[in-house]
Amino acid sequence: MESLAQVLYAYAWYAVLAFVFTVFATPIAAAIARSTGVMDMPDAYLKPHARPTPYLGGAAICMGWSVALLCAIVVEFKIEWRLLLPVMLGGVVMSILGLADDVRDVPPKIRLAIGGAVILVVMIVTGAGLDLVDSVLFLAGWDVPVALRRVLSIGIGVVIVLGACNSTNLIDGLDGLCAGVTSVISLGFFVIATFIAMHEWAKADAHLRLVMAAALFGATLGFLPFNFNPAKIFMGDAGSILLGYNCGMMILLFARFGTLRWVIGGLMVFALPMFDTALAIFRRWRNGKPIFQGDRSHFYDQLVDRGLSVKRVTVISYALAAFYALMGVLCIFLQMRYLVPLYAAVVAATVTTIIAAGMARRERAAG
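How each quantity is defined
Residues numbered from 1 in each chain as written. Predicted model: local features only at pLDDT ≥ 70, side-chain atom pairs only at ≥ 80, totals over all residues. Heavy atoms only, no water. Helix = DSSP H or I, 4+ residues; strand = E, 2+ residues; numbered from the N terminus. Expected span 1.5 Å × (residues − 1). Buried < 20%, exposed > 50% of the residue type's maximum accessible area, 1.4 Å probe, protein only. Axes fitted to C-alpha atoms, helices over the stretch in contact; angles between N-to-C directions. Parallel < 35°, antiparallel > 145°, perpendicular 65-115°, else oblique. Contact = heavy atoms within 4.5 Å. Nonpolar A, V, L, I, M, F, W, Y, C, P; charged D, E, K, R; others polar. Salt bridge = Lys/Arg side-chain N within 4 Å of Asp/Glu carboxyl O. 1 Å grid on protein atoms, 1.4 Å probe; cavity = no way out; pocket = protein on both sides within 12 Å on 5 of 7 lines; lining within 4 Å. Points joined across faces, edges and corners; volume = space filled by probe spheres on them. Phe/Tyr/Trp six-rings, centres within 6.5 Å; stacked < 30°, edge-to-face > 60°. Disulfide = S-S within 2.5 Å.

Q: Got a minute to help me understand helix α2 (residues 57-75) in this structure?
A: Along an α-helix, residues three or four positions apart point the same way, because every turn accommodates 3.6 residues. For α2, built from 19 residues, the straight-helix expectation of 27 Å at 1.5 Å per residue is met to within 8% by its first-to-last C-alpha distance of 27 Å. Of all the positions in α2, only Gly57, Gly58, Ala60, Ile61, Cys62, Gly64, Trp65, Ser66, Ala68, Leu69 and Ala72 are classed as buried.

Q: Please explain the packing of helix α10 (residues 261-269) against helix α13 (residues 310-329) as it appears in this structure.
A: To characterise two packed helices, one gives the angle between the axes of the helices and the distance between these axes. Interaxial distance between α10 and α13 falls to 7 Å at its minimum, and their mutual angle equals 170 degrees. With respect to each other, α10 and α13 are oriented roughly antiparallel. Contact residues: Gly265, Met268 and Val269 in α10; Tyr324, Ala325, Met327, Gly328 and Val329 in α13. Among the residues making up the contact of α10 with α13, the classes are represented as six nonpolar, two polar and no charged.

Q: Help me understand the pattern of salt bridges in this model?
A: Two side chains with opposite charge may pair up if their charged atoms get near one another. Under the definition given, this model contains four salt bridges. Salt-bridge contacts for Asp101 lead to Arg111; the nearest nitrogen and oxygen are separated by 3.3 Å. Of the two residues, Asp101 is situated in helix α3 (residues 81-103) and Arg111 in helix α4 (residues 108-126); the sequence distance between them amounts to 10 residues. Between Asp131 and Arg150 there is a salt bridge, with the nearest N and O atoms lying 3.4 Å from each other. Pair noted here: Asp131 is in the loop between α4 and α5 (134-140) and Arg150 is in helix α6 (residues 146-170), with a separation of 19 residues, a long-range link. Exposure remark for Asp131: the relative accessible area of 27% places this residue in the partly exposed category. By relative accessible area, Arg150 is classed as partly exposed at 25%. Via salt bridges that share partners, Asp131, Asp134, Arg149 and Arg150 belong to a single interconnected network.

Q: Would you mind showing me how to read the layout of surface pockets here?
A: The probe, sized like a water molecule, is rolled over the atoms to show the empty space still left. Its volume calculated, the second largest pocket comes out at about 310 Å³. Of all the secondary structure elements, the ones that give two or more residues to the lining of the second largest pocket are α11 (271-286), α12 (299-305), α13 and α14 (336-356). A per-class count over the lining of the second largest pocket returns 12 nonpolar, two polar and one charged.

Q: Please explain the packing of aromatic side chains as it appears in this structure.
A: Here a ring pair, both rings aromatic, is described through the centre-centre distance and the interplanar angle of the planes. This model, assessed by the stated rule, comprises eight aromatic pairs. Summarising the aromatic geometry, the rings of Tyr9 and Trp13 are spaced 6.2 Å apart at their centres and angled 85 degrees between planes, so their arrangement reads as edge-to-face. Of the two residues, Tyr9 and Trp13 both sit in helix α1 (residues 4-36), four residues apart, roughly one turn of that helix. Across the pair, exposure class does not vary: Tyr9 and Trp13 are exposed alike. For the pair Phe282 and Trp285, a centre-to-centre distance of 5.8 Å together with 40 degrees between the ring planes defines the contact as tilted. Placement of both Phe282 and Trp285 in helix α11 is noted, with a separation of three residues, approximately one turn of the helix. Connected via pairs of aromatic rings, a cluster forms that spans Phe275, Phe323 and Tyr324.

Q: Teacher, can you tell me more about unusual backbone geometry here?
A: One can expect most non-glycine residues to show negative phi and most peptide bonds to be in trans. Here the bond from Asn229 into Pro230 is cis, since omega is -5 degrees, no more than 30 degrees from zero. Even without a glycine there, the phi angle at Leu56 is positive, about 75 degrees. Its place among the elements puts Leu56 in the loop between β2 (53-54) and α2. Assessed through its relative accessible area of 10%, Leu56 is described here as buried.

Q: Can you walk me through the environment of Leu242 in this structure?
A: By the element assignment, Leu242 lies in helix α9 (residues 236-253). Overall, the relative accessible area of 1% leaves Leu242 in the buried class. In this structure, the C-alpha to C-alpha distance between Leu242 and Val75, residues 167 residues apart in sequence, is 23 Å.

Q: Would you explain helix α7 (residues 177-199) in this entry?
A: A rise of 1.5 Å per residue sets the reference length of α7, with its 23 residues, at 33 Å; its end C-alpha atoms lie 34 Å apart and thus fit the reference within 8%. With 19 of 23 residues buried, α7 lies mostly within the body of the structure.

Q: Please clarify how the side chain of Arg149 should be interpreted in this entry.
A: You can see Arg149 is positioned in helix α6. Accessibility expressed as a relative area gives 17% for Arg149, which makes it buried. Discounting chain neighbours no more than four positions away, the residues touching Arg149 are Val133, Asp134, Leu137 and Val144.

Q: What's the story with the state of the cysteines in this structure? I'm lost.
A: Covalent bonding between the sulfur atoms of two cysteines defines a disulfide. Tallying each qualifying case throughout the model produces zero disulfides. The cysteine Cys178 is free of any disulfide, with Cys247 supplying the nearest cysteine sulfur at 8.3 Å.

Okay, here's the thing in structure tokens:
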């Protein structure tokens, strides 16, 4: 068993590396965006920022994240490069896909198809999430053929990662919101990954999770000073999709046969983006609007519309993300028979609060 200090010392450097590269790359990305006209133009509805703001922040995040992972491939011999390299390349492709959508709109069906194919390949090559349903079937006492278990796991895994990409994309609606919330989430992932690694230091996937969480934390923290209100640059889809991909893959990497609590804990750590996405979809459905049509159904938009400043809403969101991350980290200490009722209570309390605050109500007809 490795000590906590040993784990932190070994992997904090990757967070620092991602932070430094992102800090230096972000102003360069902003300058390139201005010179090439890759700007986010304000409107009075979904984009209320005061002036045209450069995109391409996601490219800087991707650079910091990728440099940290590449360094880990070279330095950390405990990590099998056949695991880390496909994860990194998959993230780069997802970021490029988001960048293409930032520069020139890509139809949603094409984005989903390409994104799903990338995730599928990464899962098969690395084995991430291929045991996703095994624990559930094992606990239920069902004897299901291996081939069917793998197909089910892959299908659910692709949905989880695509859902995470969509959730981080949707929560990127205020200055500093997505970057800050994802920073908090990455810390939650790192705590869970650290606990697992302290007991399973010899396993390559234990180190893979630590590197991914550390790189995500460093890259988002390095971008945040430029993106906090008033933002000097936006991450765009190139950043938000990459962050969701990293979070989704982390959740899949927590899956292992006979142990479901790490996955459940990881999902709870990521709860704030998921709850926001669910709220937006429910509100759109309830009001008869297309589910994929942008509007101000998100919890943060509703708080701003009620008179709170962008900075205050952002800080509130950080606190909420920290609460869910702390709840997720409890998977380290609690057994499943306690964890499931606790998380059910957290979900129920969240839904009750949303309803009581009137955030899920039907919109009044105009006129």
